[in-house]
Amino acid sequence: MKSDQPDGAPTTAPLSGISIVGTGSAVPKRLVTNTDLEEIMDTSDEWIIKRTGIRERHVHDREAGETTSTMATEAAQRAIKAAGMTASDLDMVICGTMTPDMPTPSAACIIADKLGAGQIAAFDLNAACSGFVYALNAAHALMVGGPYRSCLVIGADSVTRYCDFSTFGRAVAVLFGDGAGACVLQQTDDTAKGLITQYMHSDGGGAKHLYIPTRKGDFYDQAEFDERQVSHILMHGPGVFKFAVSTFPKLIAQTLDSAGLNPEDIDHYICHQSNARILAAARDRFGLPEEKLYVNIDRFGNTVGASIPLILDEQTRAGAVKPGQKVMFLAFGAGLTWASSLWQF
Ligand code: COA
């Protein structure tokens, strides 16, 4: 339902006052270009750019000690510094990740400890590529309903450890990269700021299109079992593409309708980076100019939970995201999951 406000009129209802006061990001040192991939598998720079828009990605070196929590801690330190705070000011850490360093403890517990944040609430949230948006929404709800005044929200993944960098795994391996992004949410007295609306969805019936089998019994289709596929991402690319292309516009429309806003009222659409063609389709559908729906997949690939906070940090540091603007975060991923979060900055 649209509001009866004139187009572009600011939302007047008081908001929570919760504000994103600092951002940070970190990627591994090792840069892998499409040309590098040509040397280890049967692929080409031309194929990858044409189908995905990706030119290069950062890949972590586990042997050198790079993990989800090391990247996330670096990103978090930058976000805390940008917020003008110290780790001891935090009340909670939520890390959206599907690749914690190990099954337990959570990456969030490790990160909170590395930061020196004290004995605060810390937990991971697994919604795959939607992890950061789910975490943002969860953090806002816990801050509104609980005693938490400052919360660190992270999206971090070292997904390339589940990629097979051989010709057998090329359809998946060329798509992904590693990284981490973080932001600090703080309760303020300014009720012109805060979350305007949010949606979170899932469809486990679509899990079979994108998952990581860890043994033969995990294969949704037993005929697909192949030892080389165990502990590697199994993706039906065209199925996921179709899901994403159809879901993205519906999610944008649902979020705009709930806020009573029009597409042009939003200053930034910060979208999960999975494929440049999917993002271009969403831009065309809503007539959005390029600067409103920024794309950086060419430099990072699909970094799963990190992709949205990586953009948020880039755009914030470039001075593109300004106080008073409306920012919509949008993601979709394995699960299947999809989610939005619309903020008044
Ligand atoms: N290099 C060269 N050729 C490749 C290749 C690679 N890295 N990967 C696959 N191919 C080949 C295939 O083997 C196939 O060859 P064939 O026609 O001889 O069988 C051909 O390229 C076309 O493969 P197809 O899978 O049909 O390509 P596509 O146009 O569907 O593009 C994706 C593949 C993965 C880029 C596309 O499906 C996609 O982006 N899907 C969504 C993925 C996604 O967003 N995942 C994350 C969700 S969060």
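Residues numbered from 1 in each chain as written. Predicted model: local features only at pLDDT ≥ 70, side-chain atom pairs only at ≥ 80, totals over all residues. Heavy atoms only, no water.

**Side note on the site of the ligand**
Heads up, the condition is: Residues are classed as near a molecule or strand on a simple rule: at least one heavy atom within 4 Å of it. For this analysis, a polar contact is any N or O atom pair within 3.5 Å, provided that within protein one partner can donate a hydrogen and the other can accept it, and provided that sequence-adjacent residues contribute only side-chain to side-chain pairs. Computed with a 1.4 Å probe, the accessible areas rest on the Shrake-Rupley method; for each residue, only the protein chains presented here act as cover.
The environment of the ligand is made up of 22 residues, and the closest members are Thr43, Arg51, Arg170, Gly237 and Asn275. In this structure, Thr43 approaches the ligand through a side-chain N or O atom, which is 2.6 Å from a nitrogen atom. Within the side chain of Asn275, an N or O atom sits 2.6 Å from an oxygen atom of the ligand. Protein chains shield 71% of the accessible area of the ligand, which is 970 Å² for the free molecule.

**Details of the nonpolar core**
Our working rule: Working definition of a nonpolar core: buried Ala, Val, Leu, Ile, Met, Phe, Trp, Tyr and Cys residues. They are joined through side-chain atoms within 4.5 Å. Type-normalised accessible area, obtained with a 1.4 Å probe on protein chains alone, sets the label of each residue: buried when under 20%, exposed when over 50%, and partly exposed for intermediate values. By definition, any uninterrupted DSSP run of H or I lasting at least four residues is a helix, any uninterrupted run of E lasting at least two residues is a strand, and each is numbered from the N terminus. Domain start and end points were adopted from an automatic or database domain assignment. A contact between two residues is defined here by any heavy atoms of the two lying within 4.5 Å.
In this structure, Val153, Leu185 and Phe329 are the most contacted members of the largest nonpolar core, which totals 30 residues. The set of elements that each furnish at least two residues to this core consists of strand E1 (18–26), strand E4 (92–96), helix H5 (131–145), strand E6 (150–157), strand E7 (179–187), helix H10 (307–317), strand E12 (326–333) and strand E13 (337–344). If you tally residues by element for this core, the top one is H5, at eight residues. Looking at which domains feed residues into this core, each of domain 1 (17–188) and domain 2 (194–344) gives three or more. With near-sequence residues (within four places) excluded, Leu185 lies in contact with Ile18, Ser19, Ile20, Leu136, Ala139, His140, Met143, Arg149, Ser150, Cys151, Val153 and Trp343.

**Considering the side chain of Ser150**
Locating Ser150 in the fold gives a position in strand E6. Accessibility expressed as a relative area gives 6% for Ser150, which makes it buried.

**Examining the domain arrangement of the protein chain**
Defined as follows: Here the quantity called buried area is the total loss of accessible area, with a 1.4 Å probe, experienced by two parts when brought into contact, counted for both. Just to be clear on terms, a salt bridge is a Lys or Arg side-chain nitrogen sitting within 4 Å of an Asp or Glu carboxyl oxygen.
For the protein chain, the domain assignment lists domain 1 (17–188) and domain 2 (194–344). A C-alpha centroid distance of 15 Å is found between domain 1 and domain 2. With 49 residues of domain 1 at the interface, the matching set in domain 2 holds 48 residues. At the boundary of domain 1 with domain 2, total buried surface from both sides reaches about 3900 Å², with 67% on carbon and sulfur atoms. Among the residues domain 1 hides against domain 2, the three largest losses belong to Cys129, Asn137 and Phe168. Together they make up 17% of the total. There are zero salt bridges connecting domain 1 and domain 2. For the interface between domain 1 and domain 2, the tally reads 20 residue pairs in polar contact (both at pLDDT 80 or more). Mapped by element, the contributors of at least two residues to the side of domain 1 that touches domain 2 are E1, helix H2 (45–52), strand E3 (56–58), helix H3 (68–82), H5, E6, helix H6 (170–173) and E7.

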